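Take a look at the letters that make up each chain.
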Amino acid sequence: MPIFNDLNLENWKDSEIWTDSLWIISERDKSGKHDGFYHGNFVPQIPRQLILRYTKKDEVVFDPFVGSGTTAYEAETFGRHFIGIDIQKNLVEQVKSKVDNKKYFSEIILGDSSKNTTFDKVSETLKKQNKENISLAILHPPYADIIKFSNLKDDLSNAKSLKEFLEGFSLVLKNTISILEKSRYLAIVIGDKYTAGQWIPLGFYCMNEAQKLGLTLKSIIIKNMEGNRAKQNKEGIWRYRALSSDYYIFKHEYILIFKK
Ligand SMILES: C[S@@+](CC[C@H](N)C(=O)[O-])C[C@H]1O[C@@H](n2cnc3c(N)ncnc32)[C@H](O)[C@@H]1O
């Protein structure tokens, strides 16, 4: 029996946990505190699956790219504590004002996740809450410069090159691994990009950074990417462009699962 979750395997046939490596998610869950306003967020079903599969009640979930707080609200719903970081003040304030913080604590920290000083604040929170470490990390970084999240210099979406982006991301990974309990899990949610006529396998580069830091790769999950283009009725234009050229349209992202 796994010791890293609360799943009841007596009813395993009825389990809502996905165990295939292909996740086709047809609709964003907009229930509860999720309003989907943030361009570049992920669907709540992603952190939900990871939290239920890889944590037990009362453990701490961590997200160093908190954005609109999708992971925070899922942690709260399922009775897990939460610590998150984002570099944008308005987002941190907004998520802070929405989390409940009654039975399970939720600390949202303003800072740069690649800096040790920001992680000093994470360690202070853990100490204050009598927790030794985090039990699951979910990382959903900018996909390099595809979406510019802010004008802040240390925002990873403003990295001047792929090399600089990967160096910054590696520092976030290193900091995160330092507070992750041994034998527990870290997930990276990431997509690729296309620049100057070339497919840039950002997902695999990020996977490589995690492996260089000693994490064990457990799964590569492919998730479908529907949404923006369809919403904007741009599917046709993209198909025409692809047919008249030599490339395929991005339809997938990765959820990479690692064990410490
Ligand atoms: C892809 S979004 C995360 C979205 C989030 N999963 C959600 O559902 O709303 C990436 C986030 O990383 C933040 N970010 C970028 N660079 C950062 C850094 N160095 N430290 C902390 N946060 C950073 C951005 O402000 C942005 O909100």
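Before any of the text, the structure's been laid out above.
Residues numbered from 1 in each chain as written. Predicted model: local features only at pLDDT ≥ 70, side-chain atom pairs only at ≥ 80, totals over all residues. Heavy atoms only, no water.

## Considerations on the site of the ligand
Threshold: Nearness is judged by heavy atoms alone; a residue qualifies as near a molecule or strand once a single heavy atom is within 4 Å of it. Here a polar contact is taken to be a pair of N or O atoms separated by no more than 3.5 Å, where protein atoms must pair a possible hydrogen donor with a possible acceptor and residues adjacent in sequence count only if both atoms sit in side chains. To measure how exposed things are, a 1.4 Å probe is used in the Shrake-Rupley method; for residues, cover is taken only from the protein chains shown. Grid points spaced at 1 Å and placed over the protein atoms alone form the basis of the search, with a cavity being a set where a 1.4 Å probe fits but cannot get out and a pocket an open set showing protein on both sides within 12 Å along at least five of seven lines. Lining residues have an atom within 4 Å of a point. Just a note on the criterion: a molecule sits in a pocket or cavity if more than half of its atoms are within 2 Å of the grid points. Residues are grouped as follows: Ala, Val, Leu, Ile, Met, Phe, Trp, Tyr, Cys and Pro are nonpolar; Asp, Glu, Lys and Arg are charged; all remaining types, including Gly, are polar.
Around the ligand, the structure places 24 residues, and the nearest of them are Y38, S68, T70, D86 and Q88. T70 is positioned such that a nitrogen or oxygen atom in its side chain is 2.5 Å from an oxygen atom of the ligand. D154 is positioned with one of its backbone polar atoms (N or O) 3.1 Å from a nitrogen atom of the ligand. Burial of the ligand by the surrounding chains reaches 99%, relative to a free accessible area of 610 Å². Judged by the proximity of its atoms to the pocket grid, the ligand belongs to the largest cavity. A class-by-class count of the residues in the shell around the ligand yields 11 nonpolar, 9 polar and 4 charged.

## Digging into the packing of aromatic side chains
Stated formally: Each aromatic pair joins two rings of Phe, Tyr and Trp (for Trp, the six-membered one) with centres within 6.5 Å, and gets the label stacked for planes under 30 degrees apart, edge-to-face for over 60, and tilted for any other angle. Any residue under 20% of the maximum accessible area for its type is buried, any over 50% is exposed, and the rest in between are partly exposed; the area is computed with a 1.4 Å probe on protein chains only. Only Lys NZ and Arg CZ are tested; either one counts as a charge over a ring when it is within 6 Å of the ring centre and within 35 degrees of the ring normal.
Enumeration according to the criterion identifies 11 aromatic pairs in this entry. Considering the side-chain rings of W18 and W23, the 5.0 Å spacing of their centres and the 75° angle between planes classify their relative orientation as edge-to-face. Among the residues examined, W23 registers a relative accessible area of 4% and is labelled buried. Of the aromatic side chains, those joined through ring pairs into one cluster are F4, Y54 and Y185. Above the plane of the ring of W238 lies R241, whose end atom (NZ or CZ) is 4.9 Å from the centre.

## Things to note about empty space enclosed by the protein
The condition is simple: Grid points are joined across faces, edges and corners, and a volume is the space filled by probe spheres set on the points.
If you walk through the whole model with that rule in mind, you get 2 cavities of 30 Å³ or more. If you add up the space inside the largest cavity, you get close to 340 Å³. Around the largest cavity sit 28 residues that line it, and F65, V66, D86, H140 and P142 are the ones nearest its centre. Of the residues contributing to the lining of the largest cavity, the split by class is 12 nonpolar, 11 polar and 5 charged. Roughly 60 Å³ of internal volume is contained in the second largest cavity. R28, K33, H34, D35, G36, F37, N41, S68, G69, T70, Y73 and K98 are the residues that line the second largest cavity.

## A word on the pairing of strand 9 (residues 216-224)
Quick note on the threshold: Whether two strands pair depends on DSSP finding at least two bridges between them. Secondary structure follows DSSP: runs of H or I at least 4 residues long count as helices, runs of E at least 2 residues long count as strands, and numbering of each begins at the N terminus.
By the bridge criterion, 2 bridges tie strand 1 (residues 22-23) to strand 9 in an arrangement that is parallel. By the bridge assignment for strand 9, W23 is matched with K223. Note that strand 9 and strand 10 (residues 252-259) share 8 bridges and pair antiparallel. In the strand pairing of strand 10, K223 is matched with E253.

## A look at the side chain of H140
As a reminder, the rule being used: The criterion used for residue contact is that any of the two residues' heavy atoms lie within 4.5 Å.
Inspection of the secondary structure puts H140 in the loop between strand 5 (134-139) and helix 5 (162-179). Classification of H140 as buried rests on a relative accessible area of 11%. Side chain to side chain, H140 and Y143 meet in a polar contact 3.2 Å long. Here H140 is in contact with G40, N41, F42, F65 and V189, once residues within four sequence places are set aside.

## Side note on the packing of helix 4 (residues 116-128) against helix 5
Note the cut-off: Each axis is a line fitted through C-alpha atoms, and for a helix only the stretch in contact is used; angles between axes span 0 to 180 degrees, taken between their N-to-C directions. Comment on the angle field: the value is read as roughly parallel under 35 degrees, roughly antiparallel over 145, roughly perpendicular from 65 to 115, and oblique elsewhere. Crossing handedness is defined as follows: a turn of the near helix away from the far one that is anticlockwise and smaller than a right angle gives a left-handed crossing, while the clockwise case is right-handed.
Where helix 4 contacts helix 5, the two axes come as close as 10 Å, and the packing angle between them is 25°. Regarding the angle of helix 4 to helix 5, the classification is roughly parallel. You can see that helix 4 and helix 5 cross each other, and the crossing is right-handed. Along the contact surface, helix 4 presents N116, F119, V122 and S123, while helix 5 presents V172, N175, T176 and I179. Taken together, the residues that form the contact of helix 4 with helix 5 break down as 4 nonpolar, 4 polar and no charged.

## Observations concerning the nonpolar core
One broad trend across soluble globular proteins is that nonpolar side chains are buried collectively. We count it as follows: In plain words, nonpolar cores are sets of buried Ala, Val, Leu, Ile, Met, Phe, Trp, Tyr and Cys residues tied together by side-chain atoms within 4.5 Å.
Counting residues in hydrophobic clusters, the biggest one holds 63 residues, and the most contacted among them are I46, L50, F62, V122, L186 and I188. Each residue touching V122, except ones within four places of it in the same chain, is listed here: F62, I83, I85, I109 and I179.

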